[in-house]
Amino acid sequence: RSRADVPVGGRAVIVAMAAAMDGFGTEGLDFPTETSLEQWKLEHVARDIYRRSVASARIREEASVDDGAEEDPTEECVACEGGWEASVAVLHRETHVAYLTKSLRHLSAGHVVLDASRCWLCYWIVHALALLGEPLGEDTARDVVEFLSLCQHPDGGFGGGPGQMPHLAPTYAAVACLAEIATVEAVKCVNRAECVAFLARCKDKSTGGYRMHEGGETDTRGCYTALAVARLLGVGGSDLTEGLGEGVGSFVAMCQTHEGGVAGEPGAEAHGGYTYCGLAAAVLCDSAHSLDLPELAHWLAHRQGGVEGGFNGRTNKLVDGCYSFWQGGAFPVLEMASGAVLRAMGGAK
């Protein structure tokens, strides 16, 4: 709809937000949606919160100076000199470590809905602890490996939990978790020959992509999870680029949209998670040149909110933490394909 069709209140929001906001840019100004208006409002609120936090910190600092009190070097700063743009968030590491460690042994009853994602829960927790620099104890590592071994299917691959059918998503999670643990028991856990055979059975030869499970849907998630597992299992060289990776670059290219991002399947909307998966899959099989990388980089850069700093997952959507992982993670993958990017932009031979 045109700007003239927007209610008076909506036009006022557009004018005010366009003048005050630089995070969402001018995207959606001519064709405002409910989501774009909500994003502008959100950025306005975020700026106000930062502004009040900075003002509060300065008042306390001035009061401290007036009272002649000595500054406590251990006191957590709300904001630092330079305003909210220079403020630094504080990660409460020990609290996260305690929560994650407890969650490896016990989850609340509400997590029963994630019964088909138990390999993912292991991976998320173990990887988060690794990022926090917290090593697993020997007994805990052994128990995680033993549990994941129960999720491995006799014909290859892993199910979401014990006794469940093999699926590429939990197979990726399980193998990545075992690679993170990296003990002798973890290395021996995976039946490599059967797992690679399972990957081959998921190959969709008609499109070049991968089905998420035998007889399942073909999308860019399947491409990434299959090739990532293959790489973690030591499959490389022509076995990866010409064998399991054959046709993947072409399939991902068919999923790239007019916006520059990548969809889950041809004809769908560009999406943060699928973009990461498609790009990473193309890089893994040395086919990044199949994509329009400059347009992809442009789309990724415009998903970032200038106020929150995080990313949204699709055009005219709100910023959130999940998409910030996928979109933010795509940039290091793009860097791995920097030669192909430069060639696409005419900057390298």
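For the structure itself, look to the data block above.
All of these numbers come straight from a predicted model, not from anything done at the bench. (Residues numbered from 1 in each chain as written. Predicted model: local features only at pLDDT ≥ 70, side-chain atom pairs only at ≥ 80, totals over all residues. Heavy atoms only, no water.)

Student: What's the story with the environment of H44 in this structure? I'm lost.
Tutor: Along the chain, the position of H44 falls in helix α2 (residues 34-67). Along the backbone, H44 and V307 are 263 residues apart, and their C-alpha atoms lie at a distance of 8.7 Å. (Helix = DSSP H or I, 4+ residues; strand = E, 2+ residues; numbered from the N terminus.)

Student: I keep staring at the nonpolar core and nothing clicks. Help me out?
Tutor: The tendency in soluble globular proteins is for nonpolar side chains to be buried as a group. Counting residues in hydrophobic clusters, the biggest one holds 69 residues, and the most contacted among them are L148, Y210, Y224, L227, L279 and L293. Looking at which element gives the most residues to this core, the answer is helix α6 (residues 168-181), with 10 residues. When neighbours within four sequence positions are excluded, L227 is seen to be in contact with Y210, L240, L244, G245, V248, A281, L284 and C285. The next biggest cluster of nonpolar side chains, apart from the first, holds six residues, and it includes V97, A128, L129 and L132. (Core = buried A, V, L, I, M, F, W, Y, C linked by side-chain atoms within 4.5 Å. Buried < 20%, exposed > 50% of the residue type's maximum accessible area, 1.4 Å probe, protein only. Contact = heavy atoms within 4.5 Å.)

Student: Explanation requested: the packing of aromatic side chains in the structure shown.
Tutor: What characterises a pair of aromatic rings is the spacing of the ring centres plus the angle enclosed by the ring planes. Overall, the coordinates contain 10 aromatic pairs when judged by the stated rule. Between W120 and Y172 the ring centres are 5.8 Å apart and the planes differ by 45°, which places this aromatic pair in the tilted class. Of this pair, W120 sits in helix α4 (residues 118-131) while Y172 sits in helix α6; the two residues are 52 residues apart in sequence, bridging distant segments of the chain. This pair shows no difference in class: W120 is buried, exactly as Y172 is. Measuring from ring centre to ring centre gives 6.1 Å for Y123 and Y172, while their planes differ by 70°; the resulting arrangement is edge-to-face. A residue pair is termed long-range when its members are at least 10 positions apart, and Y123 in helix α4 and Y172 in helix α6 qualify at 49 residues. Looking at Y123, the relative accessible area reads 14%, which means it is buried. Connected via pairs of aromatic rings, a cluster forms that spans W120, Y123, W124, Y172, Y224, Y276, F325 and W326. (Phe/Tyr/Trp six-rings, centres within 6.5 Å; stacked < 30°, edge-to-face > 60°.)

Student: Help me out: how do you make sense of helix α3 (residues 93-105) in this one?
Tutor: One full turn of an α-helix is made of 3.6 residues, so residues set three or four places apart face in the same direction. An ideal rise of 1.5 Å per residue puts 18 Å on 13 residues; α3 measures up with 19 Å between its terminal C-alpha atoms. Within α3, the full set of buried residues consists of V97, L100 and S103. End-on view of α3: buried residues confined to an arc of 135°, all on one side of the axis. Relative to its buried face, α3 has exposed residues pointing more than 90 degrees away, namely E94, T95 and R105. The inward-facing, buried residues of α3 contact α4. (Expected span 1.5 Å × (residues − 1). Arc of directions from axis to C-beta.)

Student: Honestly, unusual backbone geometry in this entry has me stumped. Any pointers?
Tutor: Positive phi values are uncommon outside glycine, yet A182 reaches one of about 60°. Within the element layout of this structure, A182 appears in the loop between α6 and α7 (184-189). Its identity as a non-glycine residue notwithstanding, N316 has a phi of 65°, on the positive side. Note on placement: N316 falls in the loop between β3 (311-312) and β4 (319-320).

Student: Explain the packing of helix α12 (residues 272-284) against helix α13 (residues 293-301) to me, please; I cannot follow it from the model alone.
Tutor: In a packed pair of helices, the relevant descriptors are the angle between the two axes and the axis-to-axis distance. Two elements in contact, α12 and α13, have axes separated by 12 Å at closest approach and are oriented at 145°. Judged by the twist between their axes, the crossing of α12 over α13 is left-handed. Every residue of α13 that contacts α12 at G272, T275 and L279 is listed here: L293, L296, W299 and L300. Along the lines of polarity and charge, the residues of the contact of α12 with α13 split into five nonpolar, two polar and no charged. (Axes fitted to C-alpha atoms, helices over the stretch in contact; angles between N-to-C directions. Left-handed = near helix turned anticlockwise from the far one by under 90°. Nonpolar A, V, L, I, M, F, W, Y, C, P; charged D, E, K, R; others polar.)

Student: When you look at the packing of α4 against helix α5 (residues 138-151) in this model, what are you seeing that I'm missing?
Tutor: Two numbers describe how α4 lies on α5: the axes approach to 10 Å, and their chain directions differ by 150°. As far as their axial angle goes, α5 and α4 are roughly antiparallel. Read as a crossing pair, α4 and α5 show a hand that is left-handed. From α4, R118, C119, C122 and V126 reach across to α5, where they touch V144, F147, L148 and C151. (Parallel < 35°, antiparallel > 145°, perpendicular 65-115°, else oblique.)

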